[in-house]
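Report on the structure
Each chain, letter by letter, is given below.
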Amino acid sequence: MHKRIKTALILASFFLVALLLSPPYIFAAIISVISLLAYYEWLTLIRATWYVRNYFFGMLFFLMVVLVFYSNHNMTATINSMHIIFWLIISLDIILGSNLTKRLLQKIPVLVGLFVILFSWYSLLSFNASSSTIVNDSQGLLFSKTSFEDSLNYYFILLFVLVSLADTSAYICGKKIGSIPLVKTISPNKTLEGFLSSLLIPSVIIYFSFSHLFNIPILAVDFLFILLCCASCTTGDLFISILKRNNQVKDSGELFRFDNVISGDGDISTTELLPGHGGILDRIDSYLPAIPIFQFWLFL
């Protein structure tokens, strides 16, 4: 718990400094590096061959460059729609237990990872290019900006706070009062109490913060999207859990050492990239489905 809190505080401080003190293109570069590392982690986790790993890693980089120079409002809206539909299918599959997600991550894990990481990266960096009123100013995503316009950086902070509250609430309440398994076959430690807490606590905190501290009214539709963002965090967490379970890895922080797999007696030797959190995928899993919902809510 202490390692998890310490790592979370360090990451949060770095994120806030990058947002508040650096220009948008620096923040965009940081997000791009994290995305590339996350996909490399994904490829290593699924034990892709050297050739496949380098080919698709290069493809992700190439597609990023193309999207930076050829982004526009219509492309943003299309990618966001595809992204939301994908996560809706994943959510329904997890609820119904049809194992579609498991089969996808077994049959075409390289392509699924490419799709998820690329679209999440694009959705996040196209917040400034999402409005149809600035179609002609959308090229370059955040890379073309020298300053955050219209307090755009505070939208990123809101997303960060919302997801962090959902994750923290689910983790702490699940540990303290959780007793009913949420999806035992995927993640035995996830509980119904933790999931409900991840919806209730962030919603209450955001509502009172905006209504009483910032005097910004929260409408019913805003409340609905807050709940959707929080619920999607669990979907992202379970999605990455399925990926790890398929490949017999406890956390993605073990990515560079494949001797760290689940053995017959359940013993696992762990080398964490981010102490208390595992690897990059373990840290960003909740953001993957939350980003397109957040973008649709506030920008499209």
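Provided above is the structure to which this section pertains.
An account of the accompanying structure is given in this report. This one's a predicted model, so the numbers in the text were calculated from it and none came from an experiment. Residue numbering note: each chain is counted from 1, following its sequence as written. The model is predicted, so local features are restricted to residues of pLDDT at least 70 and side-chain atom pairs to those at 80 or more, both for listing and for counting; the totals for chains, interfaces and linings are taken over all residues. To get the side-chain values, all heavy atoms of the structure are used, and hydrogens and water are removed first.

**Digging into the packing of helix H7 (residues 152-177) against helix H8 (residues 192-213)**
Rules: Whenever a helix is involved, its axis is fitted only over the stretch in contact; in every case the axis is a line through C-alpha atoms, and angles between N-to-C directions fall within 0 to 180 degrees. Numbering of helices and strands runs from the N terminus, with a helix taken as a DSSP run of H or I at least four residues long and a strand as a DSSP run of E at least two residues long. Any angle from 65 to 115 degrees is called roughly perpendicular, while one under 35 is roughly parallel, one over 145 is roughly antiparallel, and all others are oblique. Two helices cross in a left-handed way if the nearer one is turned anticlockwise from the farther one by less than a right angle. They cross in a right-handed way if the turn is clockwise. Only heavy atoms enter the contact rule, under which two residues are in contact if any of them lie within 4.5 Å. Under the scheme applied, nonpolar residues are Ala, Val, Leu, Ile, Met, Phe, Trp, Tyr, Cys and Pro; charged residues are Asp, Glu, Lys and Arg; polar residues are all the others, including Gly.
The geometry of H7 relative to H8 is characterised by a closest axis approach of 7 Å and an angle of 140 degrees between their N-to-C directions. Relative to H8, the element H7 lies oblique. The crossing of H7 and H8 is right-handed. Two secondary-structure elements touch here, H7 through Leu158, Val161, Leu162, Leu165, Ala166, Ser169, Ala170, Cys173, Gly174 and Ile177 and H8 through Glu193, Gly194, Ser197, Ser198, Ile201, Pro202, Ile205, Ile206 and Phe210. In terms of residue class, the contact of H7 with H8 is built from 13 nonpolar, five polar and one charged.

**Some thoughts on helix H4 (residues 73-96)**
In an α-helix there are 3.6 residues to a turn, and that puts residues three or four apart on one side. The test is simple: Working rule for helices: expected span equals 1.5 Å times residues minus one. The classification of residues rests on relative accessible area computed with a 1.4 Å probe and restricted to protein chains. Under 20% of the type maximum is buried, over 50% is exposed, and intermediate values are partly exposed. Polar contacts, as counted here, are pairs of nitrogen or oxygen atoms within 3.5 Å of one another; within protein the pair requires one atom able to donate a hydrogen and one able to accept it, and residues that are adjacent in sequence qualify only if both atoms are side-chain atoms.
Under the 1.5 Å per step criterion, the end-to-end length of H4 is 34 Å for 24 residues, consistent within 8% with the ideal 34 Å. Those residues of H4 that fall on the buried side of the exposure criterion are His73, Thr76, Ile79, Asn80, His83, Phe86, Trp87, Ile90, Ser91, Asp93 and Ile94. Close packing links the buried residues of H4 with helix H3 (50-70), helix H5 (100-107), helix H6 (109-125), strand S1 (181-183), helix H9 (220-246) and helix H11 (287-298). At the N-terminal boundary of H4, the capping side chain belongs to asparagine 72, with an oxygen 3.1 Å from the backbone nitrogen of asparagine 74. Once H4 finishes, glycine 97 follows within two positions and takes phi at roughly 70 degrees, a positive value.

**Details of the packing of aromatic side chains**
Defined as follows: Think of it this way: a Phe, Tyr or Trp ring, Trp meaning its six-membered ring, pairs with another when their centres are within 6.5 Å, and the plane angle makes it stacked under 30 degrees, edge-to-face over 60, tilted otherwise.
Counted according to the given criterion, the structure contains 19 aromatic pairs. Residues phenylalanine 86 and tryptophan 87 carry aromatic rings whose centres are separated by 5.1 Å and whose planes lie at 80 degrees to one another, so their mutual orientation is edge-to-face. Of the two residues, phenylalanine 86 and tryptophan 87, both sit in the buried class. Centroid distance phenylalanine 294 to tryptophan 297: 5.7 Å. Interplanar angle 85 degrees. Geometry classified as edge-to-face. A residue pair is termed a helical-turn pair when its members lie 3 or 4 positions apart in one helix, as phenylalanine 294 and tryptophan 297 do in helix H11 at three residues. Judged on exposure class, the residue phenylalanine 294 and its partner tryptophan 297 are both buried. Following the ring pairs from residue to residue traces out a cluster consisting of Phe27, Phe127, Tyr155, Phe156, Phe225, Phe294, Phe296, Trp297 and Phe299.

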